[in-house]
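Examining the three-dimensional arrangement
Here are the chains, one letter per residue:
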Amino acid sequence: MHPGPLNILLVALLPLSGLTAFAQKTSHPKGDFVEPATGVRFPEKLAGLDRTMVVDYESEKPGLGMGIKYEGPVKGWVADLYLYSSGLPPGIPSLNDPGILAHFEQVQADLKTMEASGYYQNVKKLDSGVRTIGSGPHGLPALWAEYSYSARDGISRRSHVILGICRGHYFKIRYTYPASEKKAETSLPLLLRALSDSLKKPAPPAAI
């Protein structure tokens, strides 16, 4: 059974800690975690952030894939990373594919839904476009939007929503931090550069 659109959007918008209803397997592995479907490697530390959670959505909802959570040294500084295949157009689609553009637009539109539901307040889009994650041979094009909002605790936050394609899967990033935390802002390029290296490396050979 394929997951419905609501489930996909919830995965895209909520932090991993808020999605336990979908999570059948939550783990805290030691050392590098290798995502089984793609072979993408996620180290324990990524650009100064600590990996705190790995969530397997695939077991319960095929297509929803895996979620990996990293946290910085300041409360509210988090990077939620996702690899999933549900809704990805067949073949080798480009970021200009109407289905991918529609998916990204829906993810952004539902930030307003989160605002209407009381999770966020004063949601504003600050920037959007296509950017390259990393550089040189490890660069990956991705759709990118930056938002500001306040959470229920009243703290102003910045949040980057990033969507790209890797090894027949979407990769999605939600990078969120308190607006006053300048170190978190300057750490984002470092995290993306390190992540792009892992995303672009050849997948390990399948076990025989």
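Residues numbered from 1 in each chain as written. Predicted model: local features only at pLDDT ≥ 70, side-chain atom pairs only at ≥ 80, totals over all residues. Heavy atoms only, no water.

Another point: the packing of aromatic side chains. In total, this model carries three aromatic pairs according to the counting rule given. The ring of Trp 144 carries the charged tip of Arg 131 above its face, separated from the ring centre by 4.3 Å. Geometry around Tyr 119 places Arg 152 over its ring, the cationic atom sitting 4.7 Å from the centre. (Phe/Tyr/Trp six-rings, centres within 6.5 Å; stacked < 30°, edge-to-face > 60°. Lys NZ or Arg CZ within 6 Å of the ring centre and 35° of its normal.)

Taking 1.5 Å as the rise per residue, helix α2 (residues 98-116) with 19 residues should run 27 Å; its terminal C-alpha atoms sit 27 Å apart, in good agreement. Taken together, the buried positions of α2 are occupied by Ile 100, His 103, Phe 104, Val 107, Gln 108, Asp 110, Leu 111 and Met 114. Projected onto a plane normal to the axis of α2, the buried residues spread over an arc of 155° and lie on a single side. The exposed residues of α2 that point more than 90 degrees off its buried face are Pro 98 and Ala 116. Residue Gly 118 follows α2 closely and has a positive phi angle near 95°. (Helix = DSSP H or I, 4+ residues; strand = E, 2+ residues; numbered from the N terminus. Expected span 1.5 Å × (residues − 1). Buried < 20%, exposed > 50% of the residue type's maximum accessible area, 1.4 Å probe, protein only. Arc of directions from axis to C-beta.)

Now for the nonpolar core. One broad rule of soluble globular proteins: the nonpolar side chains tend to lie buried together. Ranked by size, the top nonpolar core spans 29 residues in total, and within it Phe 42, Leu 81, Phe 171, Ile 173 and Tyr 175 carry the most contacts. Of all the secondary-structure elements, those providing two or more residues to this core are β5 (49-56), β6 (66-71), β7 (78-84), β9 (140-151), β10 (156-166), β11 (169-178) and α3 (182-200). Here this core takes six residues from α3, the largest share from any one element. Not counting chain neighbours up to four residues away, the residues in contact with Phe 171 comprise Tyr 82, Leu 83, Ile 133, Leu 140, Ala 142, Ile 162, Leu 163, Gly 164, Ile 165, Cys 166 and Leu 199. (Core = buried A, V, L, I, M, F, W, Y, C linked by side-chain atoms within 4.5 Å. Contact = heavy atoms within 4.5 Å.)

Let's shift gears to the pairing of β7. Most of β7 is tucked away, with seven of its seven residues classed as buried. In β7, alternate side chains face the same way, and those of Val 78, Asp 80, Tyr 82 and Tyr 84 on one face and Ala 79, Leu 81 and Leu 83 on the other are all buried. Bridge count for β6 against β7 is six bridges, and the pairing is antiparallel. Looking across to β7, one finds that Lys 69 is bridged to Asp 80. (Pairing = 2+ DSSP bridges.)

Right, let's talk about the pairing of β5 for a bit. With six of its eight residues buried, β5 lies for the most part within the structure. Here three bridges tie strand β1 (residues 25-27) to β5, and the two strands are oriented antiparallel to one another. Pairing of Ser 27 across the sheet is with Val 54, part of β5. Across two bridges, the pairing between strand β4 (residues 45-46) and β5 is antiparallel. Opposite Leu 46, over in β5, you have Leu 49 as the bridge partner. Hairpin geometry of β4 and β5 is characterised by an intervening segment of two residues between the two adjacent antiparallel strands and by a positive phi of about 55° at Ala 47. For β5 and β6, the ladder comprises six bridges, and the chain directions are antiparallel. Bridged to Asp 50 within β6 is Glu 71.

By secondary structure assignment, the location of Arg 131 is in strand β8 (residues 120-133). Assessed through its relative accessible area of 32%, Arg 131 is described here as partly exposed. Note: C-alpha distance between Arg 131 and Ile 162 (31 residues apart in sequence) is 9.2 Å. Ignoring sequence-local partners within four residues, the contact set of Arg 131 consists of Leu 140, Pro 141, Ala 142 and Trp 144.

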